[in-house]
There are 2 protein chains.
Amino acid sequence: MGIKGEDTRQKIIDKAAELFLIKGFNATSIRDLLEATGLTKGCLYFHFKCKDDIGLEYLRQASEKFMLFLDQGLQGSSGVDKLDNFLIGAFTYHNSRDFVGGCLFGNTALETSDTAPDFAKLTAATFHQWRGKLTNIIQQAQEEGGVINNRTAEDLAEFVIATLEGGIMQSRLNKSEAPMKNCVETLRALLYTTKNK
Amino acid sequence: MGIKGEDTRQKIIDKAAELFLIKGFNATSIRDLLEATGLTKGCLYFHFKCKDDIGLEYLRQASEKFMLFLDQGLQGSSGVDKLDNFLIGAFTYHNSRDFVGGCLFGNTALETSDTAPDFAKLTAATFHQWRGKLTNIIQQAQEEGGVINNRTAEDLAEFVIATLEGGIMQSRLNKSEAPMKNCVETLRALLYTTKNK
């Protein structure tokens, strides 16, 4: 495929992205995609054989970008610094978007868990990678004495992700930063040992 | 409306309920509802003027039932007992359903926050009531010295709900009880004071 073809392919994914994020995958129609891209049906179907393929490619790209975001966010001189930079980074990102669209991976999890195995598998893999990265950081923080150690690093990583997903959901629903902010503040208050508070 | 009419109306809601929960509201079509109920289009539209009205009535009924479930679950001789019975009750309920469908209110929050204000308002009101009930229990537990008090009861109630919603999401996605179980166990480990562990 030439550069123009690649551009069109990417344009479809980018335009689809906002629709999927805000309306959800199921509620986005091929007609919506044609309107948003300005393409003909023939052109759209030249690049993707169905809506699922657009959704899966978008999810793949978003997952890759998210891993980069995580690697950039999980920086710092100690484990707690890294965890803290990530928590603040996640809040800042969603707050800057006024929580519109929420978390793509959380949305996809809820929309596809029981009905679309390909999407669910890719989403589960993204959460798995995310959990792995957080586990390493929390383990480091526990070894340094910065994070409580009455639960394993893996359990705490899973707990942090669940709490953030629920916090994003509540902030999005209430159109307010308060719920996610409270979740981040409470995580900090509960997980960090006294020397880091 | 006679008894038969009321029966049909309720039958539509009950059949719609499982479809909405598993497929999501947007992905459930009028055709799906006709197949599930065995009714004609004329009969369905006699009872509800559109799919939204079925969804809203279902959500209203589900919210009422959930408040009863909460009142039954939030029992015990102390605040911590009440909170613990609720946490275990929530896990037992979702586990008994193998996490199929997940949490209706969480699903609806993610599906409708940015697109369907009537649904979002009703869902937000349900979470608001839930948070109020949990806040009272946690406040009692804090006064009795059973729950940590470095965060307000209201903040902890919001935090508990967010964590449970995220835990249900992860268990549903991974088709495993482990994530939600870990969230409940971690909440117990972090929130209860030493005398209750």
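Since the structure is predicted, the reported quantities are computational estimates derived from the model, not experimental observations.

Participant: Sorry if this is basic, but what is going on with the overall build of chain A here?
Facilitator: When helices and strands are tallied, chain A shows 9 helices and 0 strands. Each helix and strand of chain A, placed in order from N terminus to C terminus, yields the pattern α-α-α-α-α-α-α-α-α. With the principal axes as the frame, chain A shows a C-alpha extent of 60 × 35 × 30 Å. Considering only residue pairs separated by 6 or more positions, chain A has 64% of its internal contacts joining residues 24 or more positions apart.

Participant: In this structure, what is going on with the interface of chain A and chain B? I would like to understand it.
Facilitator: Contacts between chain A and chain B engage 43 residues on the former and 43 residues on the latter. Examining the composition of the side of chain A that touches chain B, we find that 15 residues originate from one element, helix H8 (residues 153–174) of chain A, more than from any other. Classifying every residue of the side of chain A that touches chain B by side-chain character gives 18 nonpolar, 17 polar and 8 charged.

Participant: Can you walk me through the environment of Glu177 of chain A in this structure?
Facilitator: When you line up the elements, Glu177 of chain A lands in the loop between H8 and helix H9 (178–191). Sequence-distant contacts of Glu177 of chain A, defined by excluding residues within four places in its chain, comprise Asn95 and Ser171 of chain A.

Participant: Would you mind going over the relation of the copies chain A and chain B with me for this structure?
Facilitator: Both copies of the chain are related through a single rotation about an axis accompanied by a shift along the same axis. Once chain A has been moved 0.0 Å along the axis and rotated by 180°, it coincides with chain B to within an RMSD of 0.0 Å. What we have between these two chains is a two-fold relation. Among all C-alpha atoms of chain A, that of Thr163 of chain A lies closest to the rotation axis, at 2.0 Å. Take the interface residues of chain A: 100% of them recur as interface residues in chain B, which is what a same-surface contact looks like.

Participant: What exactly am I supposed to notice about helix H5 (residues 79–96) of chain B here?
Facilitator: Side chains that are three or four residues apart share a direction in an α-helix, a result of its 3.6 residues per turn. Residue and element names in this part refer to chain B. With 18 residues, H5 should reach 26 Å at 1.5 Å per residue; the first-to-last C-alpha distance of 26 Å fits that figure. Among the residues of H5, Gly79, Val80, Lys82, Leu83, Asp84, Phe86, Leu87, Ala90, Phe91 and His94 are the ones counted as buried. Considering only its buried residues, H5 is in contact with helix H4 (51–73), helix H7 (117–143), helix H8 (153–174) and helix H9 (178–191). Taken from the residues just after H5, Asp98 is the one with a positive phi, measuring 55°.

Participant: I tried to follow helix H6 (residues 104–112) of chain B on my own but got confused; where do I start?
Facilitator: For H6 of chain B, a buried count of 9 out of 9 residues is recorded, marking the element as mostly surrounded by other parts of the structure. Along H6 of chain B, the positions that sit buried rather than exposed are Leu104, Phe105, Gly106, Asn107, Thr108, Ala109, Leu110, Glu111 and Thr112 of chain B.

Participant: Any chance you could explain the domain arrangement of chain A here in plain terms?
Facilitator: Interface size, as often reported, equals the accessible area lost upon joining of the parts. Domain parsing of chain A yields domain 1 (1–49) and domain 2 (59–196). Taken together, the contact pairs 6 residues of domain 1 of chain A with 7 residues of domain 2 of chain A.

Participant: How do you make sense of the nonpolar core when you look at a structure like this?
Facilitator: If you look at soluble globular proteins, the nonpolar side chains tend to sit buried side by side. Among the nonpolar cores identified, the biggest contains 96 residues, and Ile138, Val160 and Ile161 of chain A together with Ile138, Val160 and Ile161 of chain B are the most heavily contacted of them. Residue contacts for Val160 of chain B: discarding those within four places in its chain leaves Leu134 and Leu187 of chain B.

Participant: Even after reading the chapter, I still don't get unusual backbone geometry, so can you show me in this structure?
Facilitator: Negative phi values dominate among residues other than glycine, just as trans dominates among peptide bonds. Within the chain, Phe99 of chain A stands out as a residue other than glycine whose phi angle is a positive 65°. We classify Phe99 of chain A as buried; it has 24 C-beta atoms within 10 Å. Backbone geometry places Asp98 of chain B, a non-glycine residue, at a positive phi of 55°. Locating Asp98 of chain B in the fold gives a position in the loop between H5 and H6. The class for Asp98 of chain B is exposed, based on 12 C-beta atoms found within 10 Å.

Participant: Can you walk me through the environment of Thr8 of chain A in this structure?
Facilitator: Residues and elements named next belong to chain A. Within the secondary structure layout, Thr8 lies in helix H1 (residues 3–23). Judged by C-beta crowding, with 18 C-beta atoms within 10 Å, Thr8 ranks as partly exposed. The spatial distance from the C-alpha of Thr8 to the C-alpha of Ala27 is 23 Å, given a sequence separation of 19 residues.

Participant: How should the environment of Thr186 of chain B be read in this particular structure?
Facilitator: Counting through the fold element by element, Thr186 of chain B comes out in helix H9. Since 24 C-beta atoms lie within 10 Å of it, Thr186 of chain B is described here as buried. Taking the C-alpha atoms as reference, Thr186 of chain B lies 9.8 Å from Thr163 of chain B; in sequence the two are 23 residues apart. The residues touching Thr186 of chain B, leaving out its near neighbours within four places in the chain, are Arg151, Asp155, Leu156 and Phe159 of chain A.

Participant: When you look at the confidence of the model for chain A in this model, what are you seeing that I'm missing?
Facilitator: Low pLDDT marks regions whose predicted coordinates should not be analysed in detail. Averaged over chain A, the pLDDT score is 93; the fraction of residues at 70 or greater is 97%. As scored by the predictor, the complex reaches a pTM of 0.92 and an ipTM of 0.92.

Participant: Help me understand the packing of helix H4 (residues 51–73) of chain A against helix H7 (residues 117–143) of chain A in this model?
Facilitator: In helix packing, the relevant descriptors are the interaxial angle and the interaxial distance, both defined with respect to the helix axes. Residues and elements named next belong to chain A. Direction vectors running N to C along H4 and H7 enclose 5°, while the axes themselves pass 10 Å from each other. When the axis of H4 is compared with that of H7, the two are roughly parallel. Contact residues: H4 offers Gly55, Leu56, Leu59, Arg60, Ser63, Phe66, Met67 and Leu70, while H7 offers Asp118, Phe119, Leu122, Thr126, Gln129, Trp130 and Lys133. Looking at the contact of H4 with H7 residue by residue, the class counts come to 8 nonpolar, 4 polar and 3 charged.

Here is what the cut-offs are and how they apply
- Residues numbered from 1 in each chain as written.
- Chains lettered and ligands numbered in written order.
- Predicted model: local features only at pLDDT ≥ 70, side-chain atom pairs only at ≥ 80, totals over all residues.
- Helix = DSSP H or I, 4+ residues; strand = E, 2+ residues; numbered from the N terminus.
- Contact = placed C-beta atoms within 7 Å.
- Nonpolar A, V, L, I, M, F, W, Y, C, P; charged D, E, K, R; others polar.
- Least-squares fit on C-alpha atoms with pLDDT ≥ 70 in both.
- Expected span 1.5 Å × (residues − 1).
- Buried ≥ 20, exposed ≤ 12 C-beta atoms within 10 Å, placed from the backbone.
- Domains from an automatic or database assignment.
- Core = buried A, V, L, I, M, F, W, Y, C linked by C-beta atoms within 7 Å.
- pLDDT = per-residue confidence, 0-100.
- Axes fitted to C-alpha atoms, helices over the stretch in contact; angles between N-to-C directions.
- Parallel < 35°, antiparallel > 145°, perpendicular 65-115°, else oblique.

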